[in-house]
Structure formats: C-alpha cells, structure tokens
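So the chains spell out like this:
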Amino acid sequence: MPRGGWADEQVEQLLGWVLQLGVVLAALVGLIGGAAYLLGHGLPPYDYRSFRGEPADLRSLGGIARGVSRLDARDVAQLGVVLLLATPITRVALSALAFARQRDHTYVLVTSFVLVLLLAGLLGV
Amino acid sequence: MGISVLELTLLVWLGAVAAGVVGALTGLGGGIIIVPMLTLLFNVDMRYAIGAALVSVIGTSSGAAAAYVREGYSNIRVGTFLEVATTLGALAGAWLARLAPTSALAVVFGLFLLYSAAQTLRARRETAGLLVPDPTATRLGMNSTYPVEQGRQAYYPQRVWPPWGLMSVAGLLSGLLGIGSGALKVLAMDRIMRLPFKVSTTTSNFMIGVTAAASAGIYLTGGYIDPALAMPVMLGVLVGAALGSRILVTARAASLLVRLAVVMMALAAEMIVHGLAGRI
C-alpha cells in the first residue's frame, strides 16, 4: 500500500511538475542558443536539401557538453534538445522510484526496463 | 542564392505554429503535419524533417501531459505497462529509418497520413460503461477512476495483452516517421481495453513523449537532429498547440475538420507521388 508522500495522487502531481519544468527549461535554453546562433550566422544560405549528418560535437552528450562550455551557440541550442529528451526519461526514472516506494515490484521491473531502453537509445549503445 | 538562415528560421517557425494549431484541432499532434511541411514546402531532407518533428512531438506531448496527469485523467499504470511495447517498437523504427531509402519513408508516411486524415472524420464510439473488472488488469492495479461532473467515475480496463500488437506498430511508426502516432494508441485503448475517451486520450499523450524520446535518442546520435531546424520547429509547434487548444469547439468545427482532412489527404497524396517518383 502507498506510504506517506508517495500515494498515486501525489506521484501524479510530482510527475506533472517535472514534465512542465522540463519543457519550459528546454524551450528557454533552445531559444537562447537559437537566437545567439541566428545573430552570429543569420546570413549564409541554408542547405537542408541533402543529408550530410551533423558534426560529431552535436551528436553525443560529451560533445554537446564541451560545445556548451565553449559557449558555442549551436551546442547551446542542442542542449535544449537534450533537456527535452531528458524530460520524459526523468519522468520514467521518477515513476520507477515511486513504484519502489510503493513496493510495487512488477511496475518497478517494467519501468526500469523502459528506462534502460531509453538510455540505450540516447547513449547510442 | 537561396534564402538566408534567418528567413528560413522565421518561415519554419510560422509553419510550425500553423502545424501546431492543426495538430491540436484534429487531435493528431504536430509531427504528422511538420514532416510534409518541411519536405514538400521547404525541400528539407526527410531525415532532418523526421528528427525535427520528433523533438516537437516530445515538447507538445509532455506539455499537455503535465496538465492531464495532475488533473488525474491519465492512467499511469496502463501507460507504463504499454510503454514497453511502444518503446521497443520505437527503437526498431528508428533503426529501420537509418537503413530505409527516404523515398520509401515518404510513401509509408503518405499512407499513414491518409489513414489518419480519414480517422479524424470518424466519430469515436464510447465503449467503456458497465464492465466487469478483468482479473489480469486487477492484478496489475489498473482499475481506476477519472474526474467527471459528479465526482469520480470508476472504470475497468479490459484485455491487457492484446493492445501490445497495435502499440508496437504505433512505436515503430513513431520511430520510422517522426510522429506521435496517438491515433493508433488511442484506437488500442478505446477499442481493445475499452477505456473512457478522456482516459485513453490523456494516457496516449502521456506515452507519446516516452515513445518519441526513445527514437529521438537514436536520431540525435545518428546526426539527424539539427538544432537550427529542430528549435524553431519545436518552439512553433508549442505555440501553435497552445493556440489550437484555445479555439472554441463550435458548430463550425465539424466543417472545419472536413476541410482540414481534405488538405491532409492532398498532402498525403503529394508525399506518395514524390516518394514513388524518387523525388524525396
């Protein structure tokens, strides 16, 4: 049975706030990075017509972190994308924790499995 | 000379706002409008378009889910249980998308858009109601209540395992095409599990972010997500979805839906033709 602070209704409130916070944070960081990028590089003609693939520093978490520490505008915008990706992942991790507190072992197993799949996709395993 | 990055960004943002409005009005989400817009209107490579659409799908579904979860409509246990199927499907879809030629992706996309457009015109049939608790659903703690005018109404999810098939397909299409595929998720929960409309719609929304995040990770590490394209798309769809949900559902809504469905069918036909001709 649910114990203090981890009843279904309270978990719903918590998950709702995490989702809200994640989207707002991602949008803000993306907006700042995107605006800085446009101010610096607004002139050259675009070319998304043929696919070349993004440079390595925009493809991995480590590369994006290094770019952000250099204050590279594209990496800051990409950090916004990563924060957005992290939002549902954080939500799943918190669900797993909540089910653990409720001693609901079936759902701890199910949520952990989903979490592993999500991290495998993000880390490129 | 092409157009500048600044002009393209503003146009893409405006297009994404429109896509967000249409997505909210039809209940299909922004992704399914974003991909044809970027590929047909802006000549963006299908893979960049799918990457940007997936990012916007995570944004809108998480934003909407935040409110629904707090209001107690979404069934977290049903969502969590079915996320296993959608996530596995999404990973397979993203993997497949990296191998498939873009022209094939365009044809599949067109066909699914055609189906989704037709689906918006069909009235949903409420099949919840007086049901007996299902033993498996009860063991999995899925029986729940949802807010109605007179307080909270109890409901009992039926057949727990059969939706896994449809949910895997929904995940596969999500990863392959950059959409939320909420239409399929809702179908499985409405018809098979016989959840009340509001519960299946909001639970589907709850699951879409996780499904999209699974494949978006693969797109990110594969170099398919360009921040200069994905950001204006995501910010535009968020604004559009907020606007769309505020447009009152009036008597004119039905005729508006028909017109939107016709436009989407035309887009679908265009995607199929371009795909078959190898121009995408």
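A brief structural summary. (Residues numbered from 1 in each chain as written. Chains lettered and ligands numbered in written order. Predicted model: local features only at pLDDT ≥ 70, side-chain atom pairs only at ≥ 80, totals over all residues. Heavy atoms only, no water.)

Take the overall build of chain B next. When helices and strands are tallied, chain B shows 11 helices and two strands. In sequence order, the secondary structure elements of chain B are arranged as α-α-α-α-α-α-β-β-α-α-α-α-α. Taken over the C-alpha atoms alone, chain B extends approximately 65 × 40 × 30 Å along its principal axes. Here chain B holds 280 residues, and 60% of them are scored as buried. A fraction of 80% describes how many contacts in chain B between residues 6 or more apart in sequence connect residues 24 or more apart. Total accessible area on chain B is roughly 10700 Å²; 65% of this is exposed by carbon and sulfur atoms. Mean positive and mean negative side-chain charge positions of chain B (18 and 10 charges, respectively) differ by 7 Å. (Helix = DSSP H or I, 4+ residues; strand = E, 2+ residues; numbered from the N terminus. Buried < 20%, exposed > 50% of the residue type's maximum accessible area, 1.4 Å probe, protein only. Contact = heavy atoms within 4.5 Å. Areas by Shrake-Rupley, 256 points an atom, 1.4 Å probe, with all protein chains shown as cover. Lys, Arg positive; Asp, Glu negative; His and termini not counted. Charge placed at Lys NZ, Arg CZ, Asp CG, Glu CD.)

What follows deals with the nonpolar core. Counting residues in each nonpolar core, the largest one holds 90 residues, and the members touching the most others are Ile-34, Leu-38, Met-46 and Phe-109 of chain B. It is helix α3 (residues 46–71) of chain B that contributes the most residues to this core, 10 residues altogether. Listed in part, the 30 residues of the second largest apolar core include Val-11 of chain A together with Phe-81, Ala-137 and Val-160 of chain B. (Core = buried A, V, L, I, M, F, W, Y, C linked by side-chain atoms within 4.5 Å.)

On to the interface of chain B and chain A, then. With 59 residues of chain B at the interface, the matching set in chain A holds 58 residues. Across the chain B/chain A interface, buried area totals approximately 5100 Å², and carbon plus sulfur atoms make up 70% of it. Contact with chain A buries area across many residues of chain B, yet Arg-70, Arg-77 and Leu-220 of chain B alone supply 14% of it, more than any other trio. The partner of Glu-83 of chain B in a salt bridge is Arg-91 of chain A, with the nearest N and O atoms 2.8 Å apart. Residue assignment for the side of chain B that touches chain A shows that the elements contributing at least two residues are α1 (5–26), α3, α4 (76–99), α9 (197–221) and α10 (227–246) of chain B. Sort the elements by how many residues they give to the side of chain B that touches chain A and α3 of chain B lands first, with 11 residues. (Buried area = accessible area lost by both parts, 1.4 Å probe. Salt bridge = Lys/Arg side-chain N within 4 Å of Asp/Glu carboxyl O.)

A few words now on the pattern of salt bridges. All names here are of chain A. The final tally for this structure, using the stated rule, is nine salt bridges over all chains. The salt bridge involving Arg-70 is made with Asp-75; its shortest N-O contact spans 4.0 Å. Overlapping salt bridges, with partners in common, bring together Asp-57, Arg-70, Asp-72 and Asp-75 in one network.

Before going further, it helps to examine the packing of helix α4 (residues 105–123) of chain A against α9 of chain B. Contact geometry for α4 of chain A and α9 of chain B: axes closest at 6 Å, N-to-C directions at 25 degrees. It follows that α4 of chain A is roughly parallel to α9 of chain B by the angle criterion. Where α4 of chain A crosses over α9 of chain B, the two elements pack in a sense that is left-handed. Between α4 of chain A and α9 of chain B, the residues in contact are Val-114, Leu-118, Gly-121, Leu-122 and Leu-123 of chain A and Val-210, Ala-213, Ala-214, Gly-217, Ile-218, Leu-220 and Thr-221 of chain B, respectively. Here the contact of α4 of chain A with α9 of chain B is built from residues that sort into nine nonpolar, three polar and no charged. (Axes fitted to C-alpha atoms, helices over the stretch in contact; angles between N-to-C directions. Parallel < 35°, antiparallel > 145°, perpendicular 65-115°, else oblique. Left-handed = near helix turned anticlockwise from the far one by under 90°. Nonpolar A, V, L, I, M, F, W, Y, C, P; charged D, E, K, R; others polar.)

Interpretation in functional terms is not warranted from these geometric data alone.
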